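Secondary and tertiary structure notes
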Amino acid sequence: MQPYRGIDLLDIESQLTDDERQVRDTVRDFVEAEAMPAVVPHFREGTFPLELVPRMGELGLFGAHLEGYSCAGLGPVAYGLVMQELERADSGYRSFASVQSSLAMTAIYEFGTEEHRERYLPDMAAGRVLGAFGLTEADHGSDPAGMETHAVETSDGFTLNGGKMWITNAGIADVVVVWAKLGDAIRGFLVDTTLPGVRREDIHNKLSMRMSVTSALLLEDVRVGEDALLPGTRGLGSALACLNAARYSIVWGVCGAAADCLHTAIEYTKEREQFGRPLASFQLVQQKLADMATSLSKAQLLALQLGRLKGASTLHWSHVSMAKYSNTLAALEIARTSRDLLGAAGITDDLPPMRHAMNLETVHTYEGTQHMHQLILGRHLTGINAIS
Ligand code: TGC
């Protein structure tokens, strides 16, 4: 197979700044040389390559969108390009970096005190402290406002009880941003995972995102100090603001998974011969490749436009909803078509499309399902709430 040099039919490259290109190329080199070789063994084992975390920290991949506190301070497009390159290797890398950065670090940066920021962010940027984000519960996925996890104020802090589910990195995290009801208000709390009463149960039977640690987080009379409360959190909107940042990472990331699938399909069908000629010479194959490339180009343009809107501070969450569900769906269709074009060779992990397709089934569901994002957009278009 020919080495990957990027798939960019519409010359989106020309819209990038030199700095953005340089960031993209640095991460691409890391992905090719270090991240990709680790994927299949870890995917098979169901583990995350923790040995790469210090290197990812050294490259500035955690909290890369934040200013100060040893973070790289990248603009939104450069940050998106990082996510695109990481997910080209596996959605597990993007998910790891995005949960650390867009969810945990963003919550601390936006809603914590100066002391919180100084205490956590430099270590999280370096990958010395790992974070997770506990919002979803077993009975409250699309409707997080129904959460049952609650905090009760005590003389010296708070006591937390409840359970979170499907939490990326919770099993390996040092600190989790736990969203809980304090009275009627949803607030964010920083919970050290070594505290008495904190229990984590990793979910082992996943067919998707196998290179990502996903866990239940159980809290039984967990006592935290007053300083565990993120004082800037004010209701569900605070958690959703972090989710916007993570969904933005997905918008870019899935383009990477899709690009890897398209690249694989082009290379494979050029080499593989049936009926005495390369598969790529058949019209039905070329039609599929053309559709995949068109769909990927549209997804990349959408991601870039979101990045520019974010840079101009005019990005609305309805834009993110549109791009999260449509880019994920586009990537999923590209991955499935690529798998189809590979025939029997596409069903093992020797080639990546089926692994990407399995991962993208999760990406399509988490951080807001397609239906939730369509309803968020529908509400924005009509002013009528069809959600509840
Ligand atoms: P609603 O009344 O619409 O909104 C509540 C408050 O939030 C504000 N808001 C937002 N703010 C920022 N960004 C957004 N995207 C926002 N959407 C709404 C809104 O203005 C309001 O503010 P205020 O001041 O008036 O109180 O709330 P709702 O309960 O009716 O519905 C909200 C809905 C359905 C859109 C939201 O709940 C939603 O997005 N649901 C999907 C939830 C989701 O994405 N779940 C997955 C969680 S992440 C995950 O999968 C595991 S954690 C990550 C990991 O570990 O991998």
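Here the structure is a predicted model, which means the values were calculated and not measured.

Criteria and cut-off values
- Residues numbered from 1 in each chain as written.
- Predicted model: local features only at pLDDT ≥ 70, side-chain atom pairs only at ≥ 80, totals over all residues.
- Heavy atoms only, no water.
- Helix = DSSP H or I, 4+ residues; strand = E, 2+ residues; numbered from the N terminus.
- Buried < 20%, exposed > 50% of the residue type's maximum accessible area, 1.4 Å probe, protein only.
- Patch = residues over 30% accessible without salt bridge, like charges linked within 9 Å, V, L, I, M, F, W, Y side chains within 5 Å.
- Areas by Shrake-Rupley, 256 points an atom, 1.4 Å probe, with all protein chains shown as cover.
- Salt bridge = Lys/Arg side-chain N within 4 Å of Asp/Glu carboxyl O.
- Expected span 1.5 Å × (residues − 1).
- Near = heavy atom within 4 Å.
- Polar contact = N/O pair within 3.5 Å; in protein donor to acceptor, adjacent residues only side chain to side chain.
- Nonpolar A, V, L, I, M, F, W, Y, C, P; charged D, E, K, R; others polar.
- Phe/Tyr/Trp six-rings, centres within 6.5 Å; stacked < 30°, edge-to-face > 60°.
- Core = buried A, V, L, I, M, F, W, Y, C linked by side-chain atoms within 4.5 Å.
- Pairing = 2+ DSSP bridges.
- Disulfide = S-S within 2.5 Å.

Considerations on the environment of leucine 130
Tracing the backbone shows leucine 130 in the loop between helix H5 (114-126) and strand S1 (131-134). On the accessibility criterion, leucine 130 (8% relative accessible area) is buried. Sequence-wise, leucine 130 and lysine 310 are 180 residues apart; in three dimensions their C-alpha atoms are separated by 26 Å.

Observations concerning a nonpolar patch on the surface
A surface patch of nonpolar side chains, about 300 Å² in accessible area, is lined by Leu9, Leu10 and Leu301. Residue class for leucine 9 comes out exposed when judged on its relative accessible area of 62%.

Comments concerning helix H7 (residues 283-311)
Between the first and last C-alpha of H7 there are 42 Å, a value that for 29 residues agrees with the 42 Å anticipated at 1.5 Å per step. Of the residues one or two after H7, serine 313 is the one with positive phi, at around 60°.

Things to note about the site of the ligand
Taken together, 25 residues sit near the ligand, with Ser142, Thr168, Asn244, Arg247 and Gly368 positioned nearest. Within the backbone of serine 142, an N or O atom sits 2.9 Å from a nitrogen atom of the ligand. Asparagine 244 places a side-chain nitrogen or oxygen 2.8 Å from a nitrogen atom of the ligand. Contact with the protein chains covers 75% of the free accessible surface of the ligand, which is 1,100 Å². Elements with a contribution of two residues or more to the shell around the ligand: helix H4 (91-111), strand S3 (157-168), helix H6 (236-271) and helix H10 (370-382). Broken down by element, the residue count for the shell around the ligand peaks at seven residues, all from H6. Along the lines of polarity and charge, the residues of the shell around the ligand split into 15 nonpolar, seven polar and three charged.

Remarks on the packing of aromatic side chains
Counted according to the given criterion, the structure contains seven aromatic pairs. Consider the rings of phenylalanine 48 and tyrosine 93, whose centres lie 5.8 Å apart with planes at 75°: the pair is edge-to-face. Placement of the pair is phenylalanine 48 in the loop between helix H1 (18-45) and helix H2 (53-58) and tyrosine 93 in helix H4, with a sequence separation of 45 residues. Residue classification places tyrosine 93 among the buried residues on the basis of a relative accessible area of 0%. With a centroid separation of 4.2 Å and an interplanar angle of 5°, the aromatic rings of phenylalanine 48 and phenylalanine 96 are classed as stacked.

Details of the pattern of salt bridges
Evaluation of the coordinates by the stated rule reveals 19 salt bridges. Among the salt bridges present, the one from aspartate 156 reaches arginine 223, with a minimum N-O distance of 3.7 Å. Separated by 67 residues along the polypeptide, aspartate 156 in the loop between strand S2 (150-153) and S3 and arginine 223 in strand S7 (residues 214-225) bring together distant segments of the chain. Judged by relative accessible area, aspartate 156 falls into the partly exposed class, the value being 46%. Classification of arginine 223 by relative accessible area gives exposed; the value is 53%.

Side note on the nonpolar core
One finds Leu86, Tyr93 and Trp179 to be the most contacted residues of the largest nonpolar core, which totals 66 residues. Sorting elements by how many residues they give to this core places H4 first, with ten residues. By size, the runner-up hydrophobic cluster in this structure holds 27 residues, among which are Met209, Cys255, Leu332 and Val363.

Some remarks on the pairing of S7
In this sheet, S7 lies alongside S3 in antiparallel orientation, the contact comprising nine bridges. Note that in S7 the partner of glycine 157 across the bridge is glycine 225. Direction of pairing for strand S6 (residues 198-202) relative to S7: antiparallel, over a ladder of five bridges. For aspartate 202, the partnering residue across the bridge sits in S7 and is serine 215.

Observations concerning unusual backbone geometry
A negative phi holds for most residues other than glycine; trans holds for most peptide bonds. For aspartate 11, which is not a glycine, the phi torsion comes out positive at approximately 50°. Relative to the helices and strands, aspartate 11 is located in the segment before H1. The phi angle at phenylalanine 275 is positive, at roughly 55°, despite the residue not being glycine. Looking at where phenylalanine 275 falls in the secondary structure, it is placed in the loop between strand S8 (273-274) and strand S9 (277-278). Given the relative accessible area of 78%, phenylalanine 275 is considered exposed.

Description of the side chain of threonine 233
For threonine 233, the position within the fold is in the loop between S7 and H6. Taking relative accessible area as the criterion, threonine 233 reaches 0% and is therefore assigned buried. Side-chain polar atoms of threonine 233 contact the backbone nitrogen of glycine 188, separated by 3.1 Å.

Considerations on the state of the cysteines
All chains considered together, the criterion is met by zero disulfides. Cysteine 242 takes part in no disulfide bond, and the closest cysteine sulfur, belonging to cysteine 71, lies 14 Å away. Residue cysteine 242 is classed as buried on the basis of its relative accessible area of 0%. This cysteine, cysteine 261, is not joined by any disulfide, and cysteine 255 carries the nearest cysteine sulfur, 12 Å off. For cysteine 261, a relative accessible area of 0% gives the class buried.

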